[in-house]
Each structure stands twice: as C-alpha cells, then as structure tokens.
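Notes for the structure review
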Amino acid sequence: MHANTGVDRNEPYVESLRIEDAPTGHATQVAPSTTDPDWWRTAVVYQIYIRSFADGNGDGTGDLAGVRSRLAYLKELGVDAIWFTPWYRSPLADGGYDVADYRAIDPAFGDLGEAEALISEALALGIRTIIDVVPNHVSDQHEWFAAALASAPGSPERERFWFRDGVGPGGDGMPTHWVSEFTGDTWTRTTNPDGTPGQWYLHLFTPQQPDLNWNHPDVRREFEDVLRFWFDRGVAGVRIDSAVLLVKDPALPELPENPAPGEHPTVDRDELHDIYRGWRAVADGYPGARTLVGEIWLPDIDRFAKYLRPDELHMAFNFDFMGRPWDAAQLRDSIDTTLAAHAPVDAPSTWVLSNHDVTRPVTRYGRADSSFAFTSKRFGTPTDLELGTRRARAAALLVAALPGSLYIYQGDELGLPEVEDLPLDLIQDPMHFRSNGVDPGRDGCRVPLPWRITPDGLGFGPVGAGTPWLPQPADWAALAVEAQESDASSMLWLYRETLRLRRAISELAAGEFRWLDAGPSVLSFARGDGFVHVTNLGDGAIELPTHTDLLLASRPLENGRLPKDSSAWLRTQH
Ligand code: NOJ
C-alpha cells in the first residue's frame, strides 16, 4: 500500500461494486464494470473543468469538495470515468495549464488527501479517474524555470528549456519567428541580474508557459515519474495536453512554407513516438489498464493514427468530427475516415462534441455555419438556440451509437449554450488578451454549472456562497440540474437515458458497424444484427426503417415519423 493512497498497486485494480438505488425517479444506471481490461475502448468519459463544476467551500471557485459532493450525480448520469482538467498548483495564467507543481493540488481546489479520497470514492461507484498531464510546458513559477532564470546562459538548469541568444545587433532579434498557438510571439527575453537584456526563451503558448526541452533526459525521467506518482494513487489514465508539440527541431529553423510530414519544427515530430512508447511501458506496468489519451490536433489522419499503435497511446480525441458542421455528407465523411484510420492500429475511435476550448454545441449547431475551427469561431453571429438544442440532442444519440469511446464535456448534458456576453473585465482567458481581443477566448464555455434554483443564484456553491468566478446567466435557471431532473423532456433526461441504454444494449459495445442506405440527408447505420440508429438531417420528417421497438428518440415522433434534426434508436429484432 502506498502512503495515503488507499490503493494497493499489487492488487488487481478491481472493486466489488454495489450501486445503490438512484436518488431520483429514473431507472437506475447499471454498475459499470471495473474489471474489464478493455474498459477504455467503449468508455463514457465525462470531462470536469474543475473551476466550474461545483464549489464545495463557497469561495466561488469549483473544487474537489464540490466534485465529491456530486459523485452521485455522475453515477446517475452513467459515466465510466471522469477526466479532470489540471488540478495542480498553478498561478492559473492559462486556467491551470501552467503547472507549478505536478505532484500537488492547487489550494484553491483542495489538497492531495482530498484527491486521493475522491479517486477512491469515485471508483467505489464504478467511476475511474483520468487526469490531465501537461508535458509541453510548465508554469514560469515551476521550480525548474525559477532555477533556470537564476542560472547563467549555458548552465544545466537552462538546458531543460529552450534558452537562446537573440539574433542581430545586441541579440535583439528573436531566435525564430514562429507564431504562438495563442497568436503573438513565441519568445520572451529575460533580464540579466545587472538589468541588461539577456537570453530569450521559447513558449508556444503564453510567456508564463515556458516550453520544456524534451531532448533532455531529466525531462523524460521527470514525466515518467509524474505518471507513476498518479498511477500509484489510483488514477486510471492521463489525458496528454498538446501531445504532438513536445519535440522541437533543435536547429530551430523558420517554419517552412509547406512542411512535409515530420518536417514541422514544432508539430508531430517523429521523435514523439519514442516518448510515448516509454509512457505506455509505464502505464502497462500497472494493473487494471491505465490509459493514455492524447490531445492531438492533426489534419493528417494517417499521421494521427500512428500515435495509436499498440505500444503507444490508447486513444486520441477525434477533433475532426467535432469541427464538422451539421451536414449529413460531412458527418458521414468524418465517421468513415475516422473508422478507417483507427482500424489498422486496432484503436477505438473517440467521439467528442466539445470541450473546454471550443464553442458549446447548442450554440454552434444553431448557427447558419455550424462548423468549428479556432480560426473562425463565428462568435456573436446569430444562433437559434432552439434549433441548436434539437441538433445537440440528435448529436448526443449519434455519437453514443458509434463504435468507440465517448467524451462528454460538463454542462453539455444540461444543454448549456456558449455565454457570449461575459463582461470584458471578468474574462481571464489568455487567448483573448494575446489576440488583442480579436479572439473571444474560451471563457464562454467555462461558465460555472447551474445546480439549484435559489433566491440568490444557481447553486454553484452551498447556501450563502460567494459569487461564481464567472457569472451564470439568469435564464440558466431553466437549465439547472434541479429543474431538469423533474422534466422528462430535458437534455439531462435524454443523456441519462442514452447512457443507460448504451450500457444495456450489447450491440453498442461490440456490434459491427454497417451503414444503411437511407438517402443523402439521413445517417443510418446498424450495430450488429438487432440495432439501428437513424439521424435525420434533412428538411422534413422521415419514415423510420422497419423495426420492432423504438428504444429512444431525441424528439417525439410526428405521426410515427422522425422529425428533422432528430435521432432515433431502434430495435430491429429480439
Ligand atoms: C490545450 C488545452 O486544452 C488548452 O486549454 C490549453 O490552453 C493548451 N493546451 C495549453 O496547455
């Protein structure tokens, strides 16, 4: 047994489960299996953006106490795992993706003991815990970076980062002209102890997030050790932040105009595979299938799939699907490409409708152009939230019926829209500031969840709690968990029912996927021999294919027909 962990590394990673009756009137979720070594292949993973999930101590910021108080909600929702965005000690220059200490919980969220208790409590309910690991960069408050700044150019401390002399007279020019992922420069100049300008250091994101040098053995060792630290504490997997940015071309060339695959100086370099083979070996050293999930934004799906070879990552987020508009041909194309790319490496596809970086689906799907890209967010363009909600409901059934694992971003199960009118003085996202306000930033999808309807707010914290760190729109009262729990037509009910059936219908775990011909504006497919999914993206209601039972529909049928912008699950034989 490891100190304070409550988890014995040498015992199988298995709990005997007793799922108590659900606290509400719904059909109770069936206990998820924690014994299956392939659990991750079909898992439903719920993403917790911890600052905004639930506030346990009443200071206006979400925390571990808040999550612990809502584990019953997550069990009732029917998820297999929760993924925490960074919970580490951090100055929050980028919402926690600037980690000062990878082995400590930020005091705003709780402490290590609480994290360990949460991991055990969740597991006892059949819910595994996945945590974010941020390997590309650290916080400028991390002890390694402080030591590097305090050391001379050429010192071993600086070797763990990318410190370089500037070019041109006085070293005034940046070593390269790469553009930051958050727009702007990627180099910041240091100041020498005597006040003169010093070397420059590289940061692909903000200056508060200096990039690590992954050619350095200390860096490799350190992160494998961080993985062990958390696996020892019972976490079931890690989500790898900016997973294809870690390795840089040490020659630091300028960006070629059309880099061939593997030639980009900072993206998708071949050396990454060796790093992830090392991580996989660490994960495989633990019982119970500890998993690695990569945040991989790559347009080249074959390069993407290379990270999913059997000795590398288990899964990666399918952002291609997430970016596609509400259009049958587009979605079908993405599904085909995704399934075809994953098959040769025998990795499960993942299905993702949103996350803490992108526009909420209800808002996106209500727009005339419902695609998503960081370069064209269409923030503030008109949206029809009723339409967006109908489509988001249909999309929830669609992704839950596809083969692979499912990622749900907190609040999507409530149908929360993007908040597009946050007061400017409350915005915290560096993406907004670094673009000089051109990019709206990502705070609009990070607004704290509405739980209860109270005279003084929406129950983000306990009675009498402080104001949430971002204000919740007053009209979210109708979307609060409390309101939706008593409304069988709500998004929350739909999600609970979808996840309950997903677990109960064996074809959805293992049934072979096969398209059915239903016309150009309908997505219809079978899973195995007895289950059919239909999504109607056309202009009018359609006849359903022959079936024995209607299991679930995202909207009531109209005279037995499936209305537009809706999905249905059908049993086609017993
Ligand atoms: C991707 C994360 O999802 C995002 O929130 C963060 O800002 C960047 N990586 C940098 O860590």
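Residues numbered from 1 in each chain as written. Predicted model: local features only at pLDDT ≥ 70, side-chain atom pairs only at ≥ 80, totals over all residues. Heavy atoms only, no water.

1. Section: the site of the ligand
Put simply, the rule reads: A cutoff of 4 Å decides nearness: a residue is near a molecule or strand if any of its heavy atoms lies inside that distance of it. For the purposes of these results, a polar contact is taken to be a pair of N or O atoms within 3.5 Å, where, inside protein, one atom must be able to donate a hydrogen and its partner to accept one; residues adjacent in sequence count only when each atom of the pair is a side-chain atom. For accessible areas, the Shrake-Rupley method is used with a probe of radius 1.4 Å. Any residue's cover is judged against the shown protein chains and nothing else. Each residue receives one of three labels: charged for Asp, Glu, Lys and Arg, nonpolar for Ala, Val, Leu, Ile, Met, Phe, Trp, Tyr, Cys and Pro, and polar for the others, Gly being one of them.
With respect to spatial proximity, 13 residues lie near the ligand, and among them Asp94, Asp241, His356, Asp357 and Arg442 are the closest. Arg442 is positioned with one of its side-chain polar atoms (N or O) 3.0 Å from an oxygen atom of the ligand. In isolation the ligand offers 300 Å² of accessible surface; the protein chains occlude 97% of this area. Of the residues assigned to the shell around the ligand, the class counts are 3 nonpolar, 3 polar and 7 charged.

2. Quick word on the nonpolar core
Rule in force here: To qualify as a nonpolar core, a set must consist of buried Ala, Val, Leu, Ile, Met, Phe, Trp, Tyr and Cys residues joined through side-chain atoms within 4.5 Å. Remark: exposure states derive from per-residue accessible area (1.4 Å probe, protein chains only) relative to the maximum for the residue type, with buried under 20%, exposed over 50%, and partly exposed in between. Segments assigned H or I by DSSP are reported as helices when at least four residues long, segments assigned E as strands when at least two residues long, and all are numbered from the N terminus. The split into domains, and so the bounds of each, comes from an automatic or database assignment of domains. Residues are treated as being in contact if the distance between any of their heavy atoms lies within 4.5 Å.
Counting residues in each nonpolar core, the largest one holds 156 residues, and the members touching the most others are Tyr46, Leu74, Ile82, Trp87, Tyr276, Trp279 and Trp569. Tallying contributions element by element places helix H12 (residues 385-401) first for this core, with 9 residues. When residues are assigned to domains, this core turns out to be shared by domain 1 (38-137 + 219-499) and domain 2 (143-202), each giving three or more. In contact with Ile82, other than residues within four places in its own chain, are Val45, Tyr46, Ile48, Leu71, Leu74, Leu118, Ile127, Arg128, Thr129 and Ile130.

3. Quick word on helix H3 (residues 112-124)
The cut-off we apply is this: Helix span, expected: 1.5 Å multiplied by one less than the number of residues in the helix. Directions pointing from the helix axis toward each C-beta atom define the arc.
Relative to the 18 Å expected for 13 residues at 1.5 Å per residue, H3 spans 18 Å between its end C-alpha atoms, a close match to the ideal helical length. Restricting attention to buried positions, one finds in H3 the residues Ala115, Glu116, Leu118, Ile119, Ala122 and Leu123. Taken down its axis, H3 places every buried residue within 160 degrees of arc, on the same side. Where H3 begins, the capping side chain belongs to Asp111, and its oxygen is found 3.2 Å from the backbone nitrogen of Gly113.

4. Considerations on the domain arrangement of the chain
As a reminder, the rule being used: In this description, buried area is defined as the sum, over both parts, of the accessible area (probe of 1.4 Å) that is lost when the two are combined. Any Lys or Arg side-chain nitrogen found within 4 Å of a carboxyl oxygen on Asp or Glu counts as a salt bridge.
We note that the domain assignment places domain 1 (38-137 + 219-499) and domain 2 (143-202) within the chain. For domain 1 versus domain 2, the distance between C-alpha centres works out to 32 Å. Taken together, the contact pairs 18 residues of domain 1 with 17 residues of domain 2. In total, about 1,400 Å² of surface goes out of reach between domain 1 and domain 2, with carbon and sulfur atoms giving 65% of it. For domain 1, the biggest contributors to the area lost against domain 2 are Leu252, Glu254 and Arg434; these three give 44% of the whole. Seen at the junction of domain 1 and domain 2, the total is 0 salt bridges. In this structure, the connection of domain 1 to domain 2 is made through 5 residue pairs in polar contact (both at pLDDT 80 or more). Breaking the side of domain 1 that touches domain 2 down by element, the ones donating at least two residues are helix H6 (217-232) and helix H13 (430-434). The biggest single contributor to the side of domain 1 that touches domain 2 is H13, with 3 residues. A breakdown of the residues in the side of domain 1 that touches domain 2 according to their chemical character gives 10 nonpolar, 2 polar and 6 charged.

5. Some thoughts on the pairing of strand E13 (residues 405-409)
For a regular strand, side-chain orientation follows a simple rule: the groups alternate between the two sheet faces. Inclusion rule: Two strands form a pair only when DSSP identifies at least two bridges running between them.
Along E13, 5 of the 5 residues are buried, which leaves the element largely enclosed by surrounding structure. Inspection of the sheet shows strand E1 (residues 44-48) paired to E13 by 4 bridges, in the parallel sense. Within E13, the residue paired with Val45 across the bridge is Tyr407. Sheet analysis places strand E12 (residues 350-352) next to E13, joined by 3 bridges and oriented parallel. Residue pairing for E13: Thr350 is matched across the bridge by Ser405.

6. Structural notes on the sheet that holds strand E18 (residues 566-571)
Note the cut-off: Here, axes are lines fitted to C-alpha atoms. For helices the fit covers the stretch in contact, and angles between N-to-C directions go from 0 to 180 degrees.
The strand order across the open sheet built from 5 strands is E14-E15-E16-E18-E17, with neighbouring strands paired in antiparallel fashion. Where the open sheet ends on each side, the last strands, each with one partner, are strand E14 (513-516) and strand E17 (549-553). The mean angle between the axes of side-by-side strands here comes to 25 degrees, regardless of whether they run parallel or antiparallel. Relative to strand E15 (residues 522-527), E14 runs antiparallel, the two being bridged by 4 bridges.

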